[in-house]
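Structural overview for review
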Amino acid sequence: MIDNFSIALTHGLLLLAAWRLIHRDDLDIEEPPERNKDPDGFLQRPSSSGSRSDA
């Protein structure tokens, strides 16, 4: 009897937590990230000097 009660209690609390998380309004709102003014890596623009470092 106590085993069924403890399983029902824990599952009920998990269901309650999931229900409250699903119905939050702020979960679907996300601010877009700021653009990087000085990109580095793959999207970096080539330097205007024209020199190459693979000589």
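Everything numeric here is computed off the predicted structure, so don't read it as measured data.

A few points about the overall build of the protein chain
Counting secondary structure elements, the protein chain contains one helix and zero strands. Residues counted as buried form 0% of the 55 residues belonging to the protein chain. Carbon and sulfur atoms provide 58% of the accessible area of the protein chain, an area that totals close to 6,300 Å².

Some points on a nonpolar patch on the surface
Together, Ile2, Phe5, Leu9, Leu13 and Leu16 make up an exposed nonpolar region whose accessible area comes to about 530 Å². For Leu9, a relative accessible area of 43% gives the class partly exposed.

What to know about helix H1 (residues 2-22)
Residues spaced three or four apart along an α-helix point in a common direction, a consequence of the helix completing one turn every 3.6 residues. Spanning 21 residues, H1 covers 30 Å between terminal C-alpha atoms, matching the ideal 30 Å at 1.5 Å per step. Sparse coverage of H1 is indicated by the burial of zero of its 21 residues.

Conventions we followed
- Residues numbered from 1 in each chain as written.
- Predicted model: local features only at pLDDT ≥ 70, side-chain atom pairs only at ≥ 80, totals over all residues.
- Heavy atoms only, no water.
- Helix = DSSP H or I, 4+ residues; strand = E, 2+ residues; numbered from the N terminus.
- Buried < 20%, exposed > 50% of the residue type's maximum accessible area, 1.4 Å probe, protein only.
- Areas by Shrake-Rupley, 256 points an atom, 1.4 Å probe, with all protein chains shown as cover.
- Patch = residues over 30% accessible without salt bridge, like charges linked within 9 Å, V, L, I, M, F, W, Y side chains within 5 Å.
- Salt bridge = Lys/Arg side-chain N within 4 Å of Asp/Glu carboxyl O.
- Expected span 1.5 Å × (residues − 1).

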